[in-house]
Amino acid sequence: MMLINCPHCGPRAQSEFVYERTVDSVAPAGASNDEAMQILFTRSNPRGVDDEIWRHTFGCRAWMVVTRHRVTNEISQVRAVGPEALP
Amino acid sequence: MTGPSRPNSGQDISFTFDGTRYSARAGDTLAAALLANGIGLVGRSFKYHRPRGIMTAGVEEPNALVTVGEGGRAEPNTRATDVFVYDGLAAQSQNRWPNLSLDFGAILGLAAPVFSAGFYYKTFFGSAKRWMFYEHFIRKAAGLGNAPRDADPDRFSQRAAFCDVLVVGAGPAGIAAAREAADAGKRVILVEQDDILGASLIRDPQELDSAWAKESADRIRASGGHILTRTTASGYWEHDLVTLTQRLAEPGQVPANGVAQRLWHVRAGQVILATGSIERPMAFPHNDRPGVMLSQAVRTYVRRFGVCPGQRVVIATNNDDAYLTAHALKEAGAQIVAILDARPAPAGQEHGFTTFNNAHPLATKGSRHCLKSVSGIVDGIPKSWDADLLAVSGGFTPVVHLHCQAGGTLEWNDAAQAFVPGQSRQNVKTIGGAASPAPVFSAAPVVPAKKSFVDFQNDVTLADVDLAWAEGYRSVEHLKRYTTLGMATDQGKTSNMGALARLAEKQGVAIPEAGLTTFRPPYTPVTMGLFAGTAAKDAGAHKRRLALFDVHAAKNPIWQPLGYWFRPRAYPMAGESLAEAAMREARSVRTAVGMTDVSTLAKFEISGPDAVALLETVCATSVGKLAVGRGRYTFMLREDGFVFDDGTVWRIDENRYLLTSSTGGADRMATHLSYVRNYLHPELRVSVVNVQEHLAGIAIAGPKAKSVLATLTGEEPPRHMSTVGAKIAGVAVLVLAASYSGERAFEIYVDARNAEPVWAECETAVVGTGGCLYGLEAMEFLRIEKGHLVVGGEIDGRMTPLDLALDKMLNTGGGFIGAAGLTRPALSEAGRRQLVGLEAVEGSIPEGSMLVTADGKSPEGHVTASAFRIMDGGSLALGQLADGFLRHGEELIATSPTRGQKARVRVVAPHFYDSAGERYRD
Amino acid sequence: MLHPISMTAQGNAIVTDVTVSTLPSAPLWAFEIWNNPDAVATRFAAAAGFALPEMGTSGGSDALRLIRYEPTVWLVEGDASALPSILDNDGALTAIGGGVTRVLMSGRGWRRLLMEGGVFDAESPAFAVGSSAATIIDHVNIRLLVLSEDACLAYVPLSYAQGILHFWQEAAKALD
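All values reported here derive from a predicted model rather than from experimental measurement. (Residues numbered from 1 in each chain as written. Chains lettered and ligands numbered in written order. Predicted model: local features only at pLDDT ≥ 70, side-chain atom pairs only at ≥ 80, totals over all residues. Heavy atoms only, no water.)

(A) Spatial organisation of the packing of aromatic side chains. Summed over the entire model, instances satisfying the criterion amount to 16 aromatic pairs over all chains. Ring geometry for B:F15 versus B:Y22: centroids 5.8 Å apart, planes at 35°, classification tilted. Judged by centre distance (4.9 Å) and plane angle (85°), the rings of C:F120 and C:F127 are edge-to-face. In this structure, C:F120 and C:F127 share a single accessibility class: buried. Through pairs of rings, three or more aromatic residues link up here, namely C:F31, C:F44, C:F50 and C:W74. Just above the ring of B:F453 sits the side chain of B:R52; from NZ or CZ to the centre is 4.9 Å. The residue whose ring lies beneath B:R474 is B:W469, and the NZ or CZ to ring-centre distance is 3.9 Å. (Phe/Tyr/Trp six-rings, centres within 6.5 Å; stacked < 30°, edge-to-face > 60°. Buried < 20%, exposed > 50% of the residue type's maximum accessible area, 1.4 Å probe, protein only. Lys NZ or Arg CZ within 6 Å of the ring centre and 35° of its normal.)

Structure below.
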């Protein structure tokens with residue numbers, strides 16, 4: 001069970017989080033239909049570092065991008081995404 | 001057999017082994033107590049039923065497996081060396097019939113050549129009859145203990161812990177490390193699988209002694225540290241999470257507070273492994289006989305337990321450590337007949353023992369119960385000694401399991417002929433004997449391969465390793481699987497290195513080049529109940545209770561699980577079956593009025609100026625033109641264009657909407673909405689709040705529903721697909737006029753805290769109007785007849801809006817999730833399955849049946865839900881059928897081979913009742 | 001105790017050093033900001049007399065308490081009538097109290113009790129009086145508020161309350 005450093009809550013157990021998908025599977029706004037389907041179905045799936053979208057579902061419910069090595073599970077960065085962080 | 005230091009407290013503990021009563025001393029392991037009672041034969045081996053005794057004094061024990069405890073508490077395959085005797089302990093030997101001493105299964109041993117490596121695989125080749133022939137008696141004969149038939153009466157706990165330093169192993173190195181960390185003010189957890197700390201200090205007294213161990217423990221505790229005994233660090237996971245299995249009661253023992261074991265999840269800042277090493281046996285014919293023990297184990301029994309396992313002892317070694325055993329035995333009054341030292345010349349000081357160099361054991365003789373003589377070879381010349389105990393030491397294997405589980409590498413230590421921890425990926429280091437094992441003499445003696453056991457628990461000999469090699473199995477991973485080496489419950493703790501050395505010898509390479517198999521958790525076997533935790537005692541998860549649970553329970557309904565929820569399926573009257581009750585309830589809705597609890601529906605309150613923008617992204621229908629107080633049906637698509645949920649959307653205020661969707665998809669929808677709002681569109685000025693549980697829901701349906709509602713609220717009820725706020729029983733409610741049943745119907749939503757008085761008032765009005773409560777079964781009848789969809793049934797994740805005939809409702813403005821996916825050409829090709837109705841021509845349509853044509857081709861569709869006409873009788877169903885829209889009128893067969901049921905059906909439109917929707921209107 | 005809450009006899013389980021009980025239901029709200037957070041914070045502090053609490057903390061008193069579990073959403077307990085005008089067009093207040101059961105753990109053993117079936121470090125000194133945390137315990141999403149060294153409040157989904165209460169009562173018997 002990994003330890004994920006939530007940008008809002010600090011380090012928390014993986015059980016509090018849900019993996020959603022990889023960043024590269026999300027079509028940017030304005031992508032054509034063909035581009036969107038290409039992005040959805042054709043992924044890089046690297047044996048190494050990838051950017052993944054996770055949600056702290058059982059914690060602060062916020063979304064984040066976790067940069068994780070898929071072999072060693074080393075997490076090099078966790079980036080907050082979502083509405084503007086508040087004071 | 002009582003040695004000099006055996007504690008004589010006078011408080012003997014009574015236990016039984018195979019039904020015979022024996023006594024033990026406080027602190028004895030079962031193995032120590034058995035040895036003290038002169039019991040040499042403890043079990044029968046897995047494959048050949050060879051008599052086996054006690055070989056070790058620790059968790060690595062391969063031979064002395066017993067079943068401890070009775071009834072649901074029985075724990076099979078318990079190592080006699082890893083259970084501490086308590087009063088009343090009941091142990092049974094395993095894998096023998098009719099009894100341990102006279103075991104008919106031992107005849108398999110005579111047929112040993114047949115059951116060599118790869119036996120199982122070979123029986124699969126050639127005639128299937130061969131396996132059929134063998135299977136019957138192999139299943140009966142091979143194996144270890146039997147799983148208990150009764151449920152375990154005890155509870156299992158799971159607990160998290162956090163610390164700066166986790167120390168695994170409370171030998172001298174581990175205690176010192178934990179003490180140092182505690183002194184430095186760190187949060188420390190020290191774990192030890194034994195029931196005392198520093199047990200090796202009793203075996204081998206040093207400058208540090210048991211008093212030091214106790215004083216250190218006190219210091220660690222005083223500074224806030226935790227010390228857990230009878231606790232095994234069994235798994236090392238990502239980011240320095242270590243799982244510990246703690247025994248709060250011994251196997252088979254009634255736990256003091258109901259909890260038998262605890263599974264700890266420890267997240268550590270740093271992990272220090274002081275796990276020591278495991279002594280290796282030596283391979284030679286009949287090395288598995290009772291009376292052949294590991295040298296350090298013999299010393300442990302003598303010094304710690306005061307039990308001397310033999311009086312005339314031969315010691316075989318390739319290192320210095322075994323000489324300590326000779327001294328211990330001598331102190332205990334045993335006679336050292338000979339020491340066979342593999343090393344070519346005397347090492348170190350004169351011991352005063354009869355020592356032979358360049359000497360190896362070659363065979364043992366004895367009975368089922370004990371050893372009688374040892375033969376060996378000294379400088380190439382055979383010799384023989386009368387002896388009742390052979391203590392062997394083939395060197396030491398560091399316990400590197402946790403280091404490897406953590407992703408660490410190993411390095412080869414040539415002097416010790418052992419792998420030691422190398423690089424670590426996580427914050428872990430190994431200290432003590434596990435990091436620097438004692439040196440040994442490396443040359444392996446030449447011995448006959450037959451009956452020279454390397455894996456005692458799975459009955460694997462050197463001959464099996466050789467055979468695997470001869471049959472072409474070159475890699476260590478193949479060797480392991482072909483011979484089953486290291487795959488028993490001991491996971492090869494004593495055996496892997498011996499076999500690996502043999503493989504390397506065959507390959508003509510050094511041991512490190514032969515490779516190693518993977519170390520996987522758990523380090524020692526873990527009871528299944530511990531993984532389940534408290535869920536072992538229940539449904540496996542918490543049941544979700546309706547806010548109105550007590551109200552329903554008082555009516556004693558038939559309950560139905562729906563996800564984690566439990567909802568009333570029907571409210572039978574006295575003597576009514578489920579089907580009768582459901583049909584009565586459904587008819588009440590068709591002819592008068594009924595009410596039901598719809599609280600489990602997913603509900604989201606969506607507010608803000610950009611609420612419409614969010615809804616029109618999530619929903620595939622348009623929402624923008626909805627006036628305040630109006631609602632409409634909607635459905636949602638995945639990005640690939642398939643429908644994944646449906647529901648209704650209501651504009652309850654200028655900038656406030658209520659979205660409902662399916663019960664089963666509630667969590668998925670909550671995540672989806674959050675993803676769209678936060679990840680895709682963080683710029684939106686919108687708040688999405690999950691009010692699934694905040695609002696309890698009551699549906700009232702039927703031709704009299706409108707008049708019932710008017711009575712309840714004192715106001716004109718809203719027209720179909722409209723919503724108003726009202727009061728019932730003085731409580732503020734939200735009334736939505738929506739229908740799932742096909743009748744004029746209303747959903748009443750109320751703060752769950754106030755649901756009971758509202759329900760009670762509604763029930764009084766409904767029953768007073770000649771209506772009744774209805775459950776999920778009646779709801780199914782009603783919606784199937786009406787042709788309404790259910791998520792998980794018709795909406796199964798493989799249907800597009802077109803397949804479900806929902807395409808005319810699609811938002812022509814686009815912009816919704818799934819719009820791009822829908823453009824994929826395959827989604828509009830011919831041959832797709834489409835929603836149809838089915839009515840029985842003959843027979844009654846089986847649930848879940850497939851739709852086939854009379855000429856016996858492949859199924860062309862399936863039934864998603866079947867029911868009966870509520871007022872008129874007759875079987876009908878909804879289904880998916882290839883090109884179904886074009887096949888109305890065609891006759892098919894709905895067949896369910898698993899139920900042995902079928903019916904002739906006609907394809908029709910999926911609306912069997914009021915297809916014009918006139919009953920909704922006033 | 002920071003938060004004097006009337007105890008009920010409902011579902012009480014007296015154990016060695018922690019007592020678990022359900023509290024009477026209370027109106028609760030979700031206070032969400034979508035725009036102009038600084039302006040809302042300023043308006044809030046001026047009107048409420050205390051600052052909007054930071055992540056993992058709480059603020060206010062029994063009259064009005066805000067507990068922050070999410071980056072943009074606060075749990076509100078008490079008199080929320082002034083909040084819609086503070087939010088103005090920059091956020092929304094939504095009632096959620098019907099779906100939440102409040103469970104009080106009193107006695108020094110609450111920290112250890114929370115480790116049972118949990119994954120969050122409730123034994124950390126950093127989880128001090130006034131701290132809040134959302135986590136998962138025995139598969140149930142739970143929101144915690146530290147009231148004092150002797151008391152912790154848990155906000156539990158209504159449907160799971162019975163199950164988790166039973167879990168805590170059983171666990172409390174074997175805390176050792």
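(B) Representation of the sheet that holds strand β16 (residues 312-317) of chain B within the structure. Residues and elements named next belong to chain B. Spatially, 5 strands are ordered β15-β22-β16-β17-β18 in an open sheet, and the strand pairing comes out parallel. Edge positions in the sheet fall to β15 (292-294) and β18 (355-357), since each has one partner strand and no second. The mean angle between the axes of side-by-side strands here comes to 20°, regardless of whether they run parallel or antiparallel. Across 5 bridges, the pairing between β16 and strand β22 (residues 389-393) is parallel. Counted as the bridge partner of V314 is L390 from β22. The sheet contacts of helix α8 (residues 295-303) involve β15 and β22, and relative to β15 the element is tilted by about 85°. (Pairing = 2+ DSSP bridges. Helix = DSSP H or I, 4+ residues; strand = E, 2+ residues; numbered from the N terminus. Axes fitted to C-alpha atoms, helices over the stretch in contact; angles between N-to-C directions. Contact = heavy atoms within 4.5 Å.)

(C) Structural view of the interface of chain B and chain C. Chain B puts 38 residues into the contact, and the matching count from chain C is 41 residues. A combined buried area of about 3200 Å² lies between chain B and chain C, and 50% of that area is made up of carbon and sulfur atoms. Looking only at chain B, the three residues that lose the most surface to chain C are B:R159, B:H542 and B:R753, adding up to 22% of its buried area. The interface formed by chain B and chain C holds 4 salt bridges in total. Of the charged contacts in the structure, one is a salt bridge between C:E170 and B:R155, with a shortest N-O distance of 3.6 Å. (Buried area = accessible area lost by both parts, 1.4 Å probe. Salt bridge = Lys/Arg side-chain N within 4 Å of Asp/Glu carboxyl O.)

(D) A look at the side chain of B:H401. Residue and element names in this part refer to chain B. Within the element layout of this structure, H401 appears in helix α10 (residues 401-405). When its relative accessible area of 11% is taken as the criterion, H401 is described as buried. Not counting residues within four places of it along the chain, the set of residues in contact with H401 comprises K493, F519 and Y523.

All quantities given are derived from atomic positions and should not be read as evidence of function.
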